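# Residue-level structural notes
Spelled out from the first residue to the last, the chains are:
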Amino acid sequence: MRITRTVKYEAERVRGFGREIMAVPGCETLLSCIQCGTCSGTCPLSVYMELSPRQVMALVRADFKDEVLRSNSIWLCASCYGCTVECPREIRITDIMYALKQRAIRDGVYPKRFPIPILAKEFTAMVRSKGRVTETLLVMRLFMKANLMAVLSSWRQGIGLIRTGRFVLKHERIQRRGELETMLAAAARDKEGS
Amino acid sequence: MKYSYFPGCSLKGLGRAYEESLLPVMRHLGAEMNELDDWNCCGATAYMSVDEQLACVLAARNLALAEKAGARDLITPCSACYLVLNKTKHYIEDSPAIRAAVERGLGAAGLKCEGTTSVRHPLDVLVNDIGLDVIKEKVVRPLKGLKVAPYYGCQVVRPYATFDDAWNPTTMDRLLTTLGAEVVHYPLKTKCCGASLTGTLPEIGLRLTYILLKEAVRRGADVIATICPLCQFNLDAYHHQIEQRWGPVRIPTVYFTQLMGIAFGLPAKQLALGRSFIPFRMPSAKAGEAVAPRT
């Protein structure tokens, strides 16, 4: 039997991390969590997570930044909003998971070649340049960056999409791309200034 | 009736059968659908994972364009678009920081968003605006004997369950019954399909999809009806991988609008049924019965 330490030490805390997450719009109510575990019981993905949603809530509040941001839990959240609807304290757990994903991407702390944050970044880059997303092109870019083997294992999907006339190779794009870029730049300036 | 229409990226790509069946069905019911000019991607869950404020600015451009066009209702068929546009409206109202970012961003493009346009799902519009009695009048080929598992997925009903229950919605059930179909009891109707995890982490994502397919088969359904392009793709496109892992659970998945089109007697070509991996055909004996009603 392998014995591992489960106790946490004061030295692992990053003071102020919990407060920073709670300052993100939508995440303010985390403090009122009663650790009932309804979120973990509702979550269709908690059985695959390193930390259950309830544990994530506790660790964020107690400033255990690294443990939370490095866990697979925040990336497995598929945004089904089951926990958010069920939480008796009306904590928007899904939105807290989003805040944690944003933080992990910003700090660059996710496993190398882990496809979920790569998908989020590639998606965002495509929207910024084209205004729209072309799914087949997005998936190909994801596979190139994350896992070349995945291209081979998905050949059936590729052929099926060609057969059903859904394999799009031409970028969908909006007309006024400059307008979109101006908007996002102006909004980002506002954020940095505040 | 006139509606503004926000297709979203999926309905122009992998989910084009949804648009291809939705538009003729709406036309058949006398509802006018005007595609929003120069709409952009809603941002989906991915942009929200990178930057929340910019994700709201991105989504708000669509709301602003709809308002500028004088739209009272914006019909949004994709679950992710429906959620993100509604969420953005809530955030603009609730969070001063996000409202400021949105105002700054839109202002730079001479746009503004006052929240006057309602973001609505076609299921809501069909049942609550147009009405089941009007729909019933248009049914010329009742889906008699067809057993359908109604699958709603997550993001239309949660967290903003505006027109139905968050866990046990019944709007599509009632619609399918009106079309003459037999709706099977399907308790997983709002359980997650795995979303993009089917592509990013198939070991986990495909298991979620498998659970949904297996339950539909176990309940004796002939077909799964869905209201979301990503759910349709997941339930339809991965049968080979799923069968290799857990055995066969073969059942087709179609958009509810395709079933409406069949019941309305619209030509099959117009309903994009050929766009699915697992083909769906009305069981001919059953359809025959329906075409020649017994007296």
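The rules we used
Residues numbered from 1 in each chain as written. Chains lettered and ligands numbered in written order. Predicted model: local features only at pLDDT ≥ 70, side-chain atom pairs only at ≥ 80, totals over all residues. Helix = DSSP H or I, 4+ residues; strand = E, 2+ residues; numbered from the N terminus. Expected span 1.5 Å × (residues − 1). Buried ≥ 20, exposed ≤ 12 C-beta atoms within 10 Å, placed from the backbone. Pairing = 2+ DSSP bridges. Domains from an automatic or database assignment. Contact = placed C-beta atoms within 7 Å. Axes fitted to C-alpha atoms, helices over the stretch in contact; angles between N-to-C directions. Parallel < 35°, antiparallel > 145°, perpendicular 65-115°, else oblique. Nonpolar A, V, L, I, M, F, W, Y, C, P; charged D, E, K, R; others polar. Left-handed = near helix turned anticlockwise from the far one by under 90°.

## Quick notes on helix 3 (residues 52-68) of chain B
Given 3.6 residues per helical turn, the α-helix brings residues three or four places apart onto the same face. All names here are of chain B. Over its 17 residues, helix 3 runs 24 Å from end to end, which matches the ideal 24 Å to within 8%, given 1.5 Å per residue. For helix 3, the buried fraction is high: 15 of the 17 residues fall into the buried class. Phi turns positive, to about 75°, at G70, one or two residues after helix 3.

## Details of the sheet that holds strand 6 (residues 182-183) of chain B
All names here are of chain B. As summarised here, the arrangement of the four strands in space is 6-5-7-8, forming an open sheet in which the pairing is parallel. Edge strands, defined here as strands with exactly one partner in the open sheet, are strand 6 and strand 8 (253-255). Here three bridges tie strand 7 (residues 223-226) to strand 8, and the two strands are oriented parallel to one another. When the sheet's bridge partners are listed, T226 is paired in strand 8 with Y255.

## Remarks on the domain arrangement of chain A
According to the domain assignment, chain A contains domain 1 (11-107) and domain 2 (115-183). Here the C-alpha centre of domain 2 of chain A lies 29 Å away from the C-alpha centre of domain 1 of chain A.

## Some thoughts on helix 12 (residues 256-263) of chain B
Residues and elements named next belong to chain B. Counted residue by residue, helix 12 has eight buried out of eight residues, so it is predominantly covered. Summarising the contacts, the buried residues of helix 12 are in contact with helix 1 (16-28), helix 6 (122-138), helix 7 (171-178), strand 7 and strand 8. Immediately beyond the C-terminal end of helix 12, within one or two residues, lies G265, with a positive phi of roughly 80°.

## Side note on the packing of helix 9 (residues 202-218) of chain B against helix 11 (residues 239-246) of chain B
All names here are of chain B. For the pair helix 9 and helix 11, interaxial distance at closest approach is 10 Å and the crossing angle is 90°. Judged by the angle between their axes, helix 9 and helix 11 are roughly perpendicular. From helix 9, P202, L206, T209, Y210 and L213 reach across to helix 11, where they touch Q241, I242, R245 and W246. Residues that form the contact of helix 9 with helix 11 fall into these classes: six nonpolar, two polar and one charged.

## Quick notes on the domain arrangement of chain B
All names here are of chain B. Partitioning chain B into structural domains gives domain 1 (36-120) and domain 2 (139-291). Taken together, the six residues of domain 1 in the interface contact eight residues of domain 2. Class assignment for the residues of the side of domain 1 that touches domain 2 results in four nonpolar, two polar and no charged.

## Describing the packing of helix 8 (residues 115-130) of chain A against helix 9 (residues 135-146) of chain A
All names here are of chain A. Close contact between helix 8 and helix 9 brings their axes to 9 Å; oriented N to C, the two are set at 135°. By the angle between their directions, the pair helix 8 and helix 9 is classed as oblique. Considering how the two elements wind past one another, helix 8 and helix 9 form a crossing that is right-handed. Where helix 8 abuts helix 9, its residues P115, I118, L119, E122, F123 and M126 lie against L138, R141, L142, K145 and A146. Residues that form the contact of helix 8 with helix 9 fall into these classes: eight nonpolar, no polar and three charged.

## Thoughts on the interface of chain B and chain A
With 55 residues of chain B in contact, the opposing surface of chain A contributes 53 residues. Taken together, the elements giving at least two residues each to the side of chain B that touches chain A come down to helix 2 (44-50), helix 3, helix 5 (96-108), helix 8 (197-200) and helix 9 of chain B. Among the elements that make up the side of chain B that touches chain A, the one with the highest residue count is helix 5 of chain B (eight residues). Considered class by class, the residues forming the side of chain B that touches chain A number 28 nonpolar, 17 polar and 10 charged.

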